[in-house]
Each structure stands twice: as C-alpha cells, then as structure tokens.
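Structure at a glance
Here is what each chain is made of, one letter per residue.
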Amino acid sequence: MLCVHAEMRASPNYGVLAVLQLCSLVVICPRAAEALQWRLLTDGNALCNDFSQAGYYDRLNSSSTDWAIFFESGGACYSVETCNRRYLRREVRQRYGGGLITEEFNLARAWNESKNRKSEVVSPLMTSVESFDIDLHGKIEGYDLLSTDCGINPDFCYHNHILVPYCSSDLWLGNDTRFGSDTANHSFIFNPEATDLQFIFRGFVIFRSVFQEIFSSKFSGNVLLAGSSAGGVGVINHLNWVKQFLPAADIRVFTESSWFVNFHDNIYRGFTNFVDISEESRASNFNITEYVESQNETSLYTLILHHEPCNSIDLGTPCCISIHCLISNSDYVPTNIPILVTFSIYDVYLLGPSLRGLQPFNPPMVSYDAQFENRGEESEPVGLNFDFLRVIGEYGGTMNNTLATTSHQAAHLSYYVTSCFQHIYLATSSLWDEGGLFGSDPFEVTNENGATLIRHTVQRGRWDQFRLTQGTGSDLNNSVSIREAVGVWLTTANETHPVQFRESCHVAHCNDLCPEEIFELVDSNLWSNISEIFVYVVVGMVTLFCFITKGIFFLWHRWLLRRQEMFLCRSRDAVMGHAIYQIADDIKELKQMITGINENIMEMNKRLKRIEDKITARCTNNGFVLKQ
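The next thing to look at is the overall build of the chain. Within the chain one finds 18 helices and 13 strands. Counting the 628 residues in the chain, one finds 50% classified as buried. Long-range pairs, those at least 24 residues apart, make up 74% of the contacts in the chain between residues at least 6 apart in sequence. Accessible area for the chain stands at about 31600 Å²; split by element, carbon and sulfur atoms hold 54% of it.

The following block contains the structure:
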C-alpha cells in the first residue's frame, strides 16, 4: 500500500476530478487528529461583551507555513433591549415567552430564577469560552475546513488551524471606548433592567489582536482567511488591514452565508434604529457620524462608525454590513486578493423574518411596507398565499441582482451559490455538536402563533456532502460540493479569472440535498382545515357548473326539436311541391341522357356502314369476291 503525504486539490476539469477519484486507491496518510487548543489573547483590550477575556483555538503544524483562520458566526444585537435579551441563551428566553431577541419576555424573572446556573444560562455569543465548564484542552475537534482528515479536507488538512469564537455581538467591528483603556479590573454584573448599554463591544480589537499575536509582519506564507455569517462580514472589513499587516503573505478569502442585502430596508433600519433620517438626507452625502453623535444616544451603530465603510450608506445600508458593497469598492477591499463567497439565494436569515411580517432588527410584527411612515404598526404574518411567494421572489431577485452587479464590478470575486432555505453550511468544530456550546441553539423562524416556518441546525459534513445540482434528474456526476469548489478555486482562480458555481435548478429549495425538515409552512392542523374547506368549495363549484351546463343543453335540444316540428307542419305543401319539382327535373335529365345515348348509337352504326363499304370496294377491285 502506497502512502502519500501530500495535499490534493480539486481540478476545474471534471474529467480530472474523475481521475482523482480513481487515484483515491492511493491512501493519504492522515494527520494526527490532535485537539484544538484554547489560548487567551494577551491584549487586555480584546474583551467579550461581558468584559471577559477573548481568546482563540489553535492547532499548529511546525512543518507547515500555511494557515487556515476561521472567524465564527453569531449575528448581532444593536440596542439596550436586544443586547439584554441576547445575554440569555435562546432556550432560556423561550421558557419565559421569548425566542428572538426582538421578542419581549420577562427578562428580569428569567435572569433572577436562572443566574445561579450561569454556565447554562449565559449565551456563548457574549462571553468568553472560559466562562463555561468545558475541557478547553482536550475535547474540541476541528471539522470541515479545519479537519485533519485529508479525505474530507484535502486542501487544508496540513495547515496550521485557527478558530476564533465570536463573543462581541458587533460583526467584529466594534471599538468601544466608553469604558476607557483600564478595563482589566472592570467588574461586570448583569442588570436585566438596565436602560443603558451595559456591554462592551470590542470585536474590532479582538480580530486584529489575533493576527498581531500569531504573526510577525515578515510572514510570507499562505493564509486562508475565512468566516461564516458575521465572521465573513468581519473578514471582508479587515481584509485591507490584514494585507497591509502581512504584505508578503499570499492571502485568499473564503466567506460563507455572509451575503446580506438590504431587503425592504431591514438592515438599515436595524442599525440606525433610533435615527430618523429622511430619504433626502440619506441620498445626500451629509456627515452621518456627526449626525448620529449629536443624538446623544448609544447603539451598535454609534460604536462601529469609527470604521470608514460604516459611514457610507450609498446603497441604502451601511457599507460595512454588506460585503457586496465592500467588494465593489477598491478603496475598502484590495482587488488583487481572490475571494470566494458561498451563500444561498434564499438565505433565511433576512428572508425568514419577512415571511412572518417581522423585520429582524425592528420591534415585533412591524410591517415592512410601512416602516418609514408607521413604525410600530402591527401587521399580520404573510402566511401561505401569493404574498408569501411574492416575498420569496423579491428576495431572490434582490440577491441575484446584487450578485450580478458585484461580479461585474469585481473580477476577483468567485462564488458558490445554492437555492436552499439555509443559513450556515459549515460546522468548523465540535462546539456545533449536539450538546456543544452552539449545537443546542437551532436557527428557527416562527409565525406569531409559535408555529415553525423554517428551522435547521448547523451540522458537520455539509462541507463535503452537500452538492449543487449540476446534472439532470438524479444524475449528480457533474455536481460539485463546497469542498470541491474550494479546491477548484484554489488551483485556478486568481484576481482576474474567478470560478462560478450555481444550481442548475432555479426555484427556491429545489435541490434534493437541501436540509430535510427545514420547511414547515403552517401548522399541520390549520393546513388540514384549510385543505378540507378548499376541497369542499371546489367540489361544490364543479357540481353546480355541471348541473347548470346539463340544463342549458337539455333546453337547447328541446327548442330545436320543437322548431323542426313547426316547420314540417306549417310548410307541408311547399315541401311536397319542391319534392315533385325535383323529381320532374330528375326525369327530364334522364330523358336527355337516353336521347343522347340513342344518337350515339345511330352515329356508330353510320360509321360501321362506311367502313364496310370501303372494305367491299377494295376487295372487288383486287378480284376478290366477298361472301355474304
């Protein structure tokens, strides 16, 4: 048996892919699957929301100069209310009548009854991993692109691996200076009834501290800079700085489920929730930083305005929140760094809330059609109707338009685009396992009655198992997984020649490999009642139509018969006269035919007589005597 200790990368040619599959008979030596090790950042300003020290996991390979660095996902909070609610795990919020951070519930009661079990109650998205009772040095395994299994992760299995948990709730953009520089001894006590923003937001500092702690400016190896959802947003925002910090490094960027669009103005209204900016003001280039600071209120938006792209709202939303805006602007993102984005055209993070009439960054049940004029006006959930399909179509169209526009403007942009109702495809560590810090918190969208509309959990393996529908029917020979697409991108794409992968089907959730049991439109009992009523109405209408049609044809037939009888009775003499005249005319024609036949017979007799006379004459002249 031959053992090959080398990295294998996918080829852009599917024939070559087939050859590589045949070559799988050659066994690749697996890298020892040592656990990811927890490290605290030494920068005292790199703090999680509750002032605990941020950190990261690493798994180093002394024989490699290649690095894969992944920044985790986790959304954001943007105001006092949403951040206070976010501090509690979702399952705790649900027990007390909440769920989403936009839903009201008895927060004070939930906290007071649960605070003695802090490690079971506090969300891992707002505190350091060190706050939890877990084995930091023996149980965290890397999955997907942080896996050491070269059969699953051929391109990065021998890389040095870095995993950075997300605990700042600010899209890795906050540089909160409200508490000064001396925060090491700050004693944080959570107050569920606080009316001021009691948390610190230092995601900007955490991100850069990771690089400053790991690398020197002279580093010249390969770096895959990757992130999921909020992590992807952070990666794109810091890319220009990373390139300047590591000028000799060969950097590539991979983001997943980070393509956020300003659908029905939801992102903009979320992060500028308290700022009443008119459409005219937004269209002009006024100084939004000065305007927001003049309001004397603190929100997440005020804490990220130090970052220049957050001051740009040219596309209807702060540019720093939408990576398509960043990638399209060469001042924010270098054009000589290849970028691969993976996302779904029907990503449910922003689509899901619109399906129930709820904007993800606004108070519950706010109508997206009346956000500007009637903020706070209640509306019914969209439900299963034409509006439901319309919202899905509009969202998909918006995603497609931004992708087409950005691809045209940024030649270094490659993409892998799916059709699933899905948010997050990669589970990069055992923290996502069932029972792990993140695994017990599924992504879920519900209607106002609590019935599930969309639901899924982040699971390991989709990196390698999910495949785009590139073939026809059940033929997946030409399909491609996320892992294979990354391999093609690594070997062929550059700053001017991107690679592009899309579903061959063009409707929402059309891929059979989309996660099962993700889509439950309405409560089953309600749907059963609706179906029964619909069937009764249709059957009744069809039956009534048949009776009416049969009656009309019956009356029409009777009317025709009656009319025929009246004609025959009232016009008998005329009919008989017409018949006699027709018979006489036929007899006359028959007589003419007989006369013509007789004349023809007489003419034929005359011709025969003439022929006979000629023959008799010739025979007599030649001395022959004809016998009679």
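Picking up after the structure, the text goes on.
This part covers the pairing of strand 10 (residues 413–418). Taken across its six residues, strand 10 has six buried, putting it largely inside the fold. Of the two faces of strand 10, the one carrying L413, Y415 and V417 and the one carrying S414, Y416 and T418 are both buried. Looking at chain direction, strand 9 (residues 339–344) and strand 10 are connected through six bridges and run parallel. In the sheet register, S344 faces strand 10, and the bridge partner there is T418. In this sheet, strand 13 (residues 500–502) lies alongside strand 10 in parallel orientation, the contact comprising three bridges. Considered in strand 13, the bridge of Y415 is made with Q500.

On to helix 7 (residues 230–245). With 16 residues, helix 7 extends 22 Å from end C-alpha to end C-alpha; this agrees with the ideal 22 Å at 1.5 Å per step. Of all the bends found along helix 7, the most pronounced is centred on L239 and spans about 50°. With respect to burial, helix 7 is a largely interior element, 13 of its 16 residues being buried.

On the surface, F534, V535, V538, V539 and V542 cluster together to form a nonpolar patch covering roughly 440 Å² of accessible area. Counting through the fold element by element, F534 comes out in helix 17 (residues 524–570). For F534, a relative accessible area of 57% gives the class exposed.

Working definition: the covalent bond between the sulfur atoms of two cysteines is a disulfide. Counted under the stated rule, the structure contains seven disulfides. Bridging C48 to C167, the disulfide has an S-S length of 2.1 Å. Judged by the sign of its S-S torsion, about -70°, the cystine formed by C48 and C167 is left-handed. Linking C48 in the loop between strand 3 (37–40) and strand 4 (55–59) with C167 in the loop between strand 6 (160–164) and helix 6 (203–214), this pair joins segments that are 119 residues apart in sequence. On the basis of relative accessible area, C48 is assigned to the buried category, the value being 1%. Judged by relative accessible area, C167 falls into the buried class, the value being 6%. The side chain of C310 participates in a disulfide bridge whose partner is C320; the two sulfur atoms lie 2.1 Å from each other. Since a negative S-S torsion denotes a left-handed disulfide, the C310-C320 link at about 115° is right-handed.

With that out of the way, let us pick up the packing of helix 6 against helix 7. Relative to each other, helix 6 and helix 7 sit at 40°, their axes nearing to 11 Å. Considering the angle they form, helix 6 stands oblique to helix 7. Crossing hand, helix 6 versus helix 7: right-handed. Residues F204, F207, R208, F211 and Q212 of helix 6 form the contact with helix 7, whose own contacting residues are G234, V235, H238, W241, V242 and F245. Residues of the contact of helix 6 with helix 7, tallied by class, amount to seven nonpolar, three polar and one charged.

It is worth spelling out the pattern of salt bridges at this point. Oppositely charged side chains can pair when the atoms bearing their charge come close. One pass over the structure, following the stated rule, counts ten salt bridges. The shortest N-O distance in the salt bridge between R390 and E394 comes to 3.0 Å. Of this pair, R390 and E394 both sit in helix 14 (residues 386–409), four residues apart, which is roughly one turn of the helix. Judged by relative accessible area, E394 falls into the partly exposed class, the value being 32%. Linked by salt bridges that have partners in common, D464, R467, R483 and E484 make up one network.

Cut-offs used in this document
- Residues numbered from 1 in each chain as written.
- Predicted model: local features only at pLDDT ≥ 70, side-chain atom pairs only at ≥ 80, totals over all residues.
- Heavy atoms only, no water.
- Helix = DSSP H or I, 4+ residues; strand = E, 2+ residues; numbered from the N terminus.
- Buried < 20%, exposed > 50% of the residue type's maximum accessible area, 1.4 Å probe, protein only.
- Contact = heavy atoms within 4.5 Å.
- Areas by Shrake-Rupley, 256 points an atom, 1.4 Å probe, with all protein chains shown as cover.
- Pairing = 2+ DSSP bridges.
- Expected span 1.5 Å × (residues − 1).
- Bend = angle between axes of the 7 residues up to and from the residue.
- Patch = residues over 30% accessible without salt bridge, like charges linked within 9 Å, V, L, I, M, F, W, Y side chains within 5 Å.
- Salt bridge = Lys/Arg side-chain N within 4 Å of Asp/Glu carboxyl O.
- Disulfide = S-S within 2.5 Å.
- Axes fitted to C-alpha atoms, helices over the stretch in contact; angles between N-to-C directions.
- Parallel < 35°, antiparallel > 145°, perpendicular 65-115°, else oblique.
- Left-handed = near helix turned anticlockwise from the far one by under 90°.
- Nonpolar A, V, L, I, M, F, W, Y, C, P; charged D, E, K, R; others polar.

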